Amino acid sequence: MTAANFSSEIIYADNAATTPIDADALALMVELQKKFFANPSAAYSLSRQLRKILQDSREKIAACINAEPYEIFFTSGGTESDNWAIKSVALANLSERPDIVTSAVEHKAVLNSCAALKNLGCTVNKLPVDYNGTVSFDALRKKITRRTKIVSIMLANNEVGTIQPVKALAEIAHDKRKIFHTDAVQAVGHIPVDVENLGVDMLSASAHKFNGPKGVGFLYVREGLRILPYIDGGDQEFSKRAGTENVPAIAAMALALEKNCRVMRKTAAKLSSCAKTLIDCLRNSGADFIVNGGENRLPGHLSLSFRNCDGETLMHRLDLKNICVATGSACNSRRTEISHVLKALKVPKEYIRGTIRVTFGKDNSVSEAETVGKILSEIISGK
(Lines give C-alpha, C1' and ligand atoms only; values in the text may rest on other atoms or scores of the structure.)
Protein backbone atom coordinates (compact mmCIF):
# COMPACT_ATOMS: atom_id res chain seq x y z
CA MET A 1 0.00 0.00 0.00
CA THR A 2 1.21 3.50 -0.80
CA ALA A 3 -1.49 5.40 1.10
CA ALA A 4 -0.53 7.44 4.14
CA ASN A 5 -0.84 5.94 7.63
CA PHE A 6 -0.72 2.33 6.42
CA SER A 7 2.16 0.03 7.16
CA SER A 8 3.87 -1.20 4.00
CA GLU A 9 3.36 -4.71 5.34
CA ILE A 10 -0.45 -4.43 5.37
CA ILE A 11 -2.55 -5.40 2.37
CA TYR A 12 -5.77 -3.43 2.65
CA ALA A 13 -8.53 -5.15 0.65
CA ASP A 14 -11.70 -3.74 2.21
CA ASN A 15 -12.23 -0.74 -0.01
CA ALA A 16 -16.01 -1.24 -0.12
CA ALA A 17 -16.02 -0.32 3.58
CA THR A 18 -13.87 2.78 3.12
CA THR A 19 -11.01 3.90 0.91
CA PRO A 20 -7.70 5.53 1.87
CA ILE A 21 -7.95 9.28 1.40
CA ASP A 22 -6.26 10.63 -1.73
CA ALA A 23 -3.02 12.46 -0.89
CA ASP A 24 -3.94 15.59 -2.85
CA ALA A 25 -7.42 15.68 -1.30
CA LEU A 26 -5.91 15.38 2.17
CA ALA A 27 -3.40 18.15 1.49
CA LEU A 28 -6.16 20.43 0.20
CA MET A 29 -8.32 19.75 3.22
CA VAL A 30 -5.49 20.54 5.65
CA GLU A 31 -4.60 23.73 3.77
CA LEU A 32 -8.18 24.96 3.83
CA GLN A 33 -8.55 24.13 7.52
CA LYS A 34 -5.51 26.27 8.26
CA LYS A 35 -5.99 29.22 5.92
CA PHE A 36 -9.73 29.38 5.22
CA PHE A 37 -11.29 28.81 8.64
CA ALA A 38 -13.96 31.52 8.37
CA ASN A 39 -17.71 30.89 8.23
CA PRO A 40 -18.72 30.89 4.55
CA SER A 41 -21.96 32.67 5.43
CA ALA A 42 -20.19 35.80 6.71
CA ALA A 43 -19.97 38.98 4.62
CA TYR A 44 -16.22 39.71 4.50
CA SER A 45 -13.81 38.81 1.72
CA LEU A 46 -12.41 35.66 3.36
CA SER A 47 -15.90 34.20 3.48
CA ARG A 48 -16.54 35.18 -0.12
CA GLN A 49 -13.51 33.08 -1.08
CA LEU A 50 -15.02 30.15 0.81
CA ARG A 51 -18.32 30.55 -1.00
CA LYS A 52 -16.39 30.47 -4.27
CA ILE A 53 -14.71 27.22 -3.20
CA LEU A 54 -18.14 25.77 -2.35
CA GLN A 55 -19.51 26.71 -5.75
CA ASP A 56 -16.44 25.36 -7.55
CA SER A 57 -16.80 22.08 -5.64
CA ARG A 58 -20.49 21.85 -6.54
CA GLU A 59 -19.64 22.40 -10.20
CA LYS A 60 -16.88 19.75 -10.17
CA ILE A 61 -19.15 17.13 -8.61
CA ALA A 62 -22.02 17.98 -10.94
CA ALA A 63 -19.74 17.59 -13.96
CA CYS A 64 -18.64 14.13 -12.77
CA ILE A 65 -22.23 12.80 -12.84
CA ASN A 66 -23.62 15.00 -15.66
CA ALA A 67 -25.82 17.08 -13.36
CA GLU A 68 -26.32 20.80 -12.83
CA PRO A 69 -24.55 22.44 -9.86
CA TYR A 70 -27.84 23.52 -8.27
CA GLU A 71 -28.93 19.86 -8.24
CA ILE A 72 -26.13 18.94 -5.79
CA PHE A 73 -26.81 19.15 -2.04
CA PHE A 74 -23.93 18.55 0.36
CA THR A 75 -24.57 16.11 3.24
CA SER A 76 -22.63 14.22 5.90
CA GLY A 77 -22.49 11.09 3.72
CA GLY A 78 -24.46 8.32 2.07
CA THR A 79 -26.54 7.41 5.11
CA GLU A 80 -27.86 10.94 5.48
CA SER A 81 -28.45 11.23 1.75
CA ASP A 82 -30.48 8.00 1.70
CA ASN A 83 -32.50 9.08 4.74
CA TRP A 84 -33.17 12.50 3.27
CA ALA A 85 -34.26 11.23 -0.13
CA ILE A 86 -36.66 8.53 1.08
CA LYS A 87 -38.10 10.25 4.14
CA SER A 88 -38.58 13.57 2.36
CA VAL A 89 -40.87 12.05 -0.24
CA ALA A 90 -42.75 9.84 2.22
CA LEU A 91 -43.26 12.48 4.88
CA ALA A 92 -44.53 14.99 2.33
CA ASN A 93 -47.32 12.50 1.61
CA LEU A 94 -47.71 10.98 5.07
CA SER A 95 -51.44 11.76 5.33
CA GLU A 96 -51.94 9.34 2.40
CA ARG A 97 -49.93 6.56 4.12
CA PRO A 98 -47.80 6.13 0.98
CA ASP A 99 -46.21 2.95 -0.35
CA ILE A 100 -42.44 2.69 -0.71
CA VAL A 101 -40.87 0.14 -3.05
CA THR A 102 -37.30 -1.00 -2.48
CA SER A 103 -35.28 -4.22 -2.79
CA ALA A 104 -34.35 -6.93 -0.31
CA VAL A 105 -30.61 -6.27 -0.80
CA GLU A 106 -30.43 -2.55 -0.04
CA HIS A 107 -28.01 -0.99 2.40
CA LYS A 108 -29.34 -0.65 5.94
CA ALA A 109 -29.47 3.13 5.45
CA VAL A 110 -32.32 2.51 3.00
CA LEU A 111 -33.94 -0.47 4.71
CA ASN A 112 -33.98 1.14 8.15
CA SER A 113 -35.28 4.42 6.73
CA CYS A 114 -38.12 2.40 5.23
CA ALA A 115 -38.64 0.59 8.54
CA ALA A 116 -38.93 3.91 10.37
CA LEU A 117 -41.54 5.09 7.87
CA LYS A 118 -43.42 1.80 8.22
CA ASN A 119 -43.79 2.63 11.92
CA LEU A 120 -45.49 5.86 10.83
CA GLY A 121 -48.05 4.02 8.71
CA CYS A 122 -46.31 3.68 5.36
CA THR A 123 -46.32 0.40 3.46
CA VAL A 124 -42.92 -0.97 2.44
CA ASN A 125 -42.69 -3.44 -0.44
CA LYS A 126 -39.35 -5.25 -0.78
CA LEU A 127 -38.55 -6.71 -4.16
CA PRO A 128 -36.84 -10.12 -4.29
CA VAL A 129 -33.66 -10.65 -6.33
CA ASP A 130 -32.35 -13.55 -8.36
CA TYR A 131 -29.25 -15.59 -7.44
CA ASN A 132 -27.09 -12.83 -8.97
CA GLY A 133 -28.71 -10.19 -6.79
CA THR A 134 -30.61 -8.52 -9.64
CA VAL A 135 -34.10 -7.03 -9.32
CA SER A 136 -36.76 -8.30 -11.72
CA PHE A 137 -38.52 -5.78 -13.98
CA ASP A 138 -41.80 -7.68 -13.69
CA ALA A 139 -41.54 -7.74 -9.89
CA LEU A 140 -41.19 -3.96 -9.84
CA ARG A 141 -44.16 -3.46 -12.16
CA LYS A 142 -46.32 -5.65 -9.92
CA LYS A 143 -45.33 -3.92 -6.68
CA ILE A 144 -45.97 -0.35 -7.80
CA THR A 145 -49.46 0.70 -6.75
CA ARG A 146 -51.54 3.85 -6.91
CA ARG A 147 -50.28 4.79 -3.45
CA THR A 148 -46.59 4.27 -4.27
CA LYS A 149 -44.66 7.54 -4.02
CA ILE A 150 -41.03 6.47 -4.32
CA VAL A 151 -38.95 3.56 -5.61
CA SER A 152 -35.44 3.19 -4.16
CA ILE A 153 -33.08 0.67 -5.78
CA MET A 154 -29.31 0.80 -5.30
CA LEU A 155 -27.00 1.18 -8.29
CA ALA A 156 -24.37 -1.25 -6.97
CA ASN A 157 -24.54 -3.55 -3.97
CA ASN A 158 -22.16 -2.98 -1.10
CA GLU A 159 -21.79 -6.66 -0.16
CA VAL A 160 -21.64 -8.57 -3.45
CA GLY A 161 -20.99 -5.78 -5.96
CA THR A 162 -23.97 -6.48 -8.24
CA ILE A 163 -24.73 -3.58 -10.60
CA GLN A 164 -28.47 -3.14 -10.99
CA PRO A 165 -30.15 -2.18 -14.31
CA VAL A 166 -31.16 1.16 -12.80
CA LYS A 167 -31.90 2.88 -16.09
CA ALA A 168 -34.58 0.33 -16.99
CA LEU A 169 -35.93 0.25 -13.43
CA ALA A 170 -36.24 4.04 -13.38
CA GLU A 171 -38.12 3.94 -16.68
CA ILE A 172 -40.63 1.52 -15.18
CA ALA A 173 -41.13 3.81 -12.19
CA HIS A 174 -41.50 6.88 -14.38
CA ASP A 175 -44.00 5.13 -16.66
CA LYS A 176 -46.17 4.93 -13.56
CA ARG A 177 -45.27 8.51 -12.55
CA LYS A 178 -43.29 7.57 -9.47
CA ILE A 179 -40.12 9.12 -8.05
CA PHE A 180 -36.96 7.02 -8.40
CA HIS A 181 -34.02 7.20 -6.00
CA THR A 182 -30.80 5.23 -6.21
CA ASP A 183 -28.18 4.63 -3.54
CA ALA A 184 -25.03 5.01 -5.64
CA VAL A 185 -22.61 5.09 -2.72
CA GLN A 186 -20.59 2.11 -4.00
CA ALA A 187 -20.77 3.17 -7.64
CA VAL A 188 -19.85 6.86 -7.81
CA GLY A 189 -16.16 7.28 -8.62
CA HIS A 190 -15.79 3.65 -9.68
CA ILE A 191 -18.07 3.14 -12.68
CA PRO A 192 -19.53 5.76 -15.05
CA VAL A 193 -22.52 7.48 -13.43
CA ASP A 194 -24.59 9.78 -15.62
CA VAL A 195 -27.80 10.91 -13.96
CA GLU A 196 -29.32 11.99 -17.26
CA ASN A 197 -28.64 8.63 -18.86
CA LEU A 198 -29.83 6.71 -15.80
CA GLY A 199 -32.95 8.86 -15.57
CA VAL A 200 -32.94 8.93 -11.76
CA ASP A 201 -34.65 11.63 -9.71
CA MET A 202 -32.34 11.40 -6.71
CA LEU A 203 -28.93 9.82 -6.13
CA SER A 204 -26.87 9.36 -2.96
CA ALA A 205 -23.07 9.36 -2.71
CA SER A 206 -20.40 9.35 0.00
CA ALA A 207 -16.88 10.77 -0.28
CA HIS A 208 -15.03 8.12 1.72
CA LYS A 209 -16.00 5.48 -0.84
CA PHE A 210 -14.02 7.24 -3.60
CA ASN A 211 -10.88 8.29 -1.70
CA GLY A 212 -12.35 11.40 -0.13
CA PRO A 213 -12.70 12.20 3.58
CA LYS A 214 -15.23 10.60 5.91
CA GLY A 215 -18.24 12.54 7.11
CA VAL A 216 -19.17 14.23 3.83
CA GLY A 217 -21.25 13.26 0.80
CA PHE A 218 -23.94 14.60 -1.47
CA LEU A 219 -27.48 14.08 -2.65
CA TYR A 220 -28.38 14.75 -6.27
CA VAL A 221 -31.95 16.01 -6.68
CA ARG A 222 -33.33 16.50 -10.18
CA GLU A 223 -34.37 20.05 -11.00
CA GLY A 224 -38.06 20.60 -10.34
CA LEU A 225 -38.40 17.88 -7.69
CA ARG A 226 -39.44 19.38 -4.39
CA ILE A 227 -37.93 17.91 -1.25
CA LEU A 228 -38.44 18.77 2.40
CA PRO A 229 -35.56 20.40 4.33
CA TYR A 230 -33.48 17.81 6.15
CA ILE A 231 -32.27 20.16 8.89
CA ASP A 232 -34.07 23.37 9.84
CA GLY A 233 -32.13 26.51 10.69
CA GLY A 234 -30.16 28.78 8.39
CA ASP A 235 -30.45 29.02 4.63
CA GLN A 236 -27.43 26.89 3.69
CA GLU A 237 -27.77 24.40 0.83
CA PHE A 238 -30.58 26.35 -0.85
CA SER A 239 -32.44 26.47 2.50
CA LYS A 240 -32.72 22.66 2.51
CA ARG A 241 -29.95 21.67 4.95
CA ALA A 242 -29.07 24.16 7.65
CA GLY A 243 -25.68 24.31 9.33
CA THR A 244 -22.26 25.75 8.58
CA GLU A 245 -20.76 23.93 5.60
CA ASN A 246 -17.64 21.83 6.06
CA VAL A 247 -15.80 23.55 3.21
CA PRO A 248 -12.44 21.73 3.56
CA ALA A 249 -14.11 18.31 3.43
CA ILE A 250 -16.41 19.32 0.57
CA ALA A 251 -13.49 20.63 -1.50
CA ALA A 252 -11.49 17.47 -0.78
CA MET A 253 -14.47 15.34 -1.83
CA ALA A 254 -14.78 17.19 -5.13
CA LEU A 255 -11.07 16.81 -5.87
CA ALA A 256 -11.03 13.10 -5.00
CA LEU A 257 -14.05 12.41 -7.20
CA GLU A 258 -12.63 14.40 -10.09
CA LYS A 259 -9.33 12.50 -9.89
CA ASN A 260 -11.02 9.10 -9.68
CA CYS A 261 -13.24 9.83 -12.65
CA ARG A 262 -10.24 10.93 -14.68
CA VAL A 263 -8.52 7.52 -14.32
CA MET A 264 -11.65 5.38 -13.93
CA ARG A 265 -11.14 3.18 -16.98
CA LYS A 266 -7.49 2.49 -16.18
CA THR A 267 -8.29 1.76 -12.54
CA ALA A 268 -11.16 -0.57 -13.45
CA ALA A 269 -8.88 -2.60 -15.72
CA LYS A 270 -6.33 -3.02 -12.93
CA LEU A 271 -8.98 -3.96 -10.38
CA SER A 272 -10.42 -6.55 -12.74
CA SER A 273 -6.94 -8.04 -13.09
CA CYS A 274 -6.60 -8.14 -9.30
CA ALA A 275 -9.92 -9.96 -8.96
CA LYS A 276 -9.05 -12.44 -11.73
CA THR A 277 -5.65 -13.13 -10.16
CA LEU A 278 -7.21 -13.94 -6.79
CA ILE A 279 -9.91 -16.18 -8.28
CA ASP A 280 -7.40 -18.03 -10.49
CA CYS A 281 -5.15 -18.63 -7.49
CA LEU A 282 -8.03 -20.09 -5.47
CA ARG A 283 -9.20 -22.29 -8.33
CA ASN A 284 -5.69 -23.56 -9.00
CA SER A 285 -5.41 -24.51 -5.33
CA GLY A 286 -8.57 -26.62 -5.54
CA ALA A 287 -10.56 -24.50 -3.08
CA ASP A 288 -14.30 -25.18 -3.11
CA PHE A 289 -15.98 -21.77 -3.32
CA ILE A 290 -18.54 -19.70 -5.20
CA VAL A 291 -18.41 -16.06 -6.33
CA ASN A 292 -21.57 -14.16 -5.40
CA GLY A 293 -23.17 -11.36 -7.36
CA GLY A 294 -23.05 -12.57 -10.95
CA GLU A 295 -20.78 -11.32 -13.73
CA ASN A 296 -21.99 -7.71 -13.81
CA ARG A 297 -20.20 -6.53 -10.67
CA LEU A 298 -18.12 -3.59 -9.58
CA PRO A 299 -14.49 -3.96 -10.67
CA GLY A 300 -12.32 -5.52 -7.98
CA HIS A 301 -15.32 -6.46 -5.82
CA LEU A 302 -15.47 -10.09 -4.71
CA SER A 303 -17.89 -11.84 -2.36
CA LEU A 304 -16.49 -15.34 -1.90
CA SER A 305 -18.30 -18.18 -0.12
CA PHE A 306 -16.21 -21.22 0.86
CA ARG A 307 -17.79 -24.62 1.47
CA ASN A 308 -18.00 -25.69 5.11
CA CYS A 309 -15.92 -22.77 6.34
CA ASP A 310 -16.50 -19.92 8.78
CA GLY A 311 -16.15 -16.43 7.35
CA GLU A 312 -15.27 -14.85 10.69
CA THR A 313 -12.43 -17.33 11.16
CA LEU A 314 -11.12 -16.70 7.65
CA MET A 315 -11.20 -12.94 8.21
CA HIS A 316 -9.30 -13.17 11.50
CA ARG A 317 -6.70 -15.57 10.16
CA LEU A 318 -6.07 -13.25 7.21
CA ASP A 319 -5.81 -10.37 9.67
CA LEU A 320 -3.04 -12.24 11.48
CA LYS A 321 -1.22 -12.22 8.13
CA ASN A 322 -1.74 -8.42 7.82
CA ILE A 323 -4.49 -8.76 5.20
CA CYS A 324 -7.65 -6.73 5.74
CA VAL A 325 -10.89 -8.16 4.32
CA ALA A 326 -14.49 -8.23 5.57
CA THR A 327 -17.17 -10.83 6.17
CA GLY A 328 -19.85 -8.57 4.69
CA SER A 329 -20.86 -4.96 5.13
CA ALA A 330 -18.74 -2.97 7.59
CA CYS A 331 -22.02 -1.57 8.92
CA ASN A 332 -22.84 -5.06 10.27
CA SER A 333 -19.35 -5.98 11.47
CA ARG A 334 -20.33 -6.24 15.14
CA ARG A 335 -23.02 -8.79 14.41
CA THR A 336 -22.37 -12.39 13.46
CA GLU A 337 -25.75 -13.16 11.91
CA ILE A 338 -25.91 -14.10 8.25
CA SER A 339 -26.20 -11.12 5.93
CA HIS A 340 -29.65 -10.24 4.60
CA VAL A 341 -28.05 -9.87 1.17
CA LEU A 342 -26.67 -13.42 1.13
CA LYS A 343 -30.03 -14.73 2.33
CA ALA A 344 -31.79 -12.87 -0.49
CA LEU A 345 -29.37 -14.41 -3.02
CA LYS A 346 -30.14 -17.85 -1.56
CA VAL A 347 -26.48 -18.78 -1.17
CA PRO A 348 -26.41 -22.53 -0.37
CA LYS A 349 -26.28 -23.29 3.35
CA GLU A 350 -23.01 -25.22 3.08
CA TYR A 351 -21.35 -22.06 1.68
CA ILE A 352 -23.18 -19.10 3.22
CA ARG A 353 -21.37 -19.07 6.57
CA GLY A 354 -18.01 -19.21 4.84
CA THR A 355 -18.39 -15.85 3.13
CA ILE A 356 -15.78 -13.10 3.03
CA ARG A 357 -15.69 -9.89 1.00
CA VAL A 358 -12.46 -8.89 -0.74
CA THR A 359 -12.61 -5.46 -2.36
CA PHE A 360 -9.53 -4.11 -4.09
CA GLY A 361 -8.93 -0.39 -4.57
CA LYS A 362 -6.81 1.81 -6.79
CA ASP A 363 -3.80 1.53 -4.44
CA ASN A 364 -3.74 -2.28 -4.62
CA SER A 365 -1.55 -4.21 -7.03
CA VAL A 366 -1.86 -7.51 -8.87
CA SER A 367 1.03 -8.86 -6.81
CA GLU A 368 -0.93 -8.07 -3.63
CA ALA A 369 -3.93 -9.93 -5.04
CA GLU A 370 -1.65 -12.89 -5.72
CA THR A 371 -0.42 -12.77 -2.13
CA VAL A 372 -3.99 -12.71 -0.80
CA GLY A 373 -4.88 -15.67 -3.00
CA LYS A 374 -1.82 -17.67 -1.91
CA ILE A 375 -2.37 -17.10 1.83
CA LEU A 376 -6.14 -17.64 1.61
CA SER A 377 -5.56 -20.90 -0.28
CA GLU A 378 -3.18 -22.06 2.45
CA ILE A 379 -5.72 -21.23 5.15
CA ILE A 380 -8.51 -23.08 3.32
CA SER A 381 -6.34 -26.15 2.77
CA GLY A 382 -5.33 -26.19 6.43
CA LYS A 383 -1.62 -25.59 5.88
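What counts and how
- Residues numbered from 1 in each chain as written.
- Predicted model: local features only at pLDDT ≥ 70, side-chain atom pairs only at ≥ 80, totals over all residues.
- Heavy atoms only, no water.
- Helix = DSSP H or I, 4+ residues; strand = E, 2+ residues; numbered from the N terminus.
- Expected span 1.5 Å × (residues − 1).
- Buried < 20%, exposed > 50% of the residue type's maximum accessible area, 1.4 Å probe, protein only.
- Contact = heavy atoms within 4.5 Å.
- Polar contact = N/O pair within 3.5 Å; in protein donor to acceptor, adjacent residues only side chain to side chain.
- Phe/Tyr/Trp six-rings, centres within 6.5 Å; stacked < 30°, edge-to-face > 60°.
- Pairing = 2+ DSSP bridges.
- Axes fitted to C-alpha atoms, helices over the stretch in contact; angles between N-to-C directions.

Colleague: For this particular structure, what's the right way to read helix 9 (residues 247-262)?
Modeller: Along an α-helix, residues three or four positions apart point the same way, because every turn accommodates 3.6 residues. Helix length check: helix 9, at 16 residues, gives a terminal C-alpha distance of 23 Å against a target of 22 Å (1.5 Å per residue), a fit within 8%. Burial of helix 9 is extensive: twelve of the 16 residues sit out of reach of the surface. By the burial criterion, the buried members of helix 9 are Val-247, Pro-248, Ala-249, Ile-250, Ala-251, Ala-252, Met-253, Ala-254, Leu-255, Ala-256, Leu-257 and Asn-260. Where helix 9 is buried, its residues contact helix 1 (23-35), helix 2 (45-65), strand 2 (72-75), strand 8 (217-221) and helix 10 (264-285).

Colleague: Help me understand the side chain of Ser-88, please; the structure alone is not making it clear to me.
Modeller: For Ser-88, the position within the fold is in helix 3 (residues 78-92). Of the polar contacts made by the side chain of Ser-88, one reaches the backbone nitrogen of Leu-228; its length is 2.6 Å. When neighbours within four sequence positions are excluded, Ser-88 is seen to be in contact with Asn-83, Ile-227 and Leu-228.

Colleague: Looking at this model, I keep getting lost on the packing of aromatic side chains. Mind explaining?
Modeller: For any two aromatic rings, the description comes down to two numbers: the centre-to-centre distance and the angle of the planes. A full pass over the atoms with the stated rule returns four aromatic pairs. Between Trp-84 and Tyr-230, the ring centres sit 5.7 Å apart and the planes meet at 40°, which makes this aromatic pair tilted. Placement of Trp-84 in helix 3 and of Tyr-230 in the loop between strand 8 and helix 8 (236-239) is noted, with a sequence separation of 146 residues between them. For Trp-84, a relative accessible area of 1% corresponds to the buried category. Using a relative accessible area of 33% as the deciding quantity, one classes Tyr-230 as partly exposed.

Colleague: Honestly, the sheet that holds strand 5 (residues 148-152) in this entry has me stumped. Any pointers?
Modeller: Sheets are built from strands that pair by backbone hydrogen bonding, the pairs being arranged parallel or antiparallel. In space, the seven strands of this open sheet follow the order 2-8-7-6-5-3-4, with mixed pairing throughout. Each edge of the sheet is formed by a strand with only one pairing partner; in this case those strands are strand 2 and strand 4 (123-127). Looking at each pair of strands side by side, their axes are set apart by 20° on average, direction ignored. Summarising the sheet, strand 3 (residues 99-103) and strand 4 pair through five bridges and their orientation is parallel. Its bridge partner being in strand 4, Asp-99 is matched across the sheet by Thr-123.

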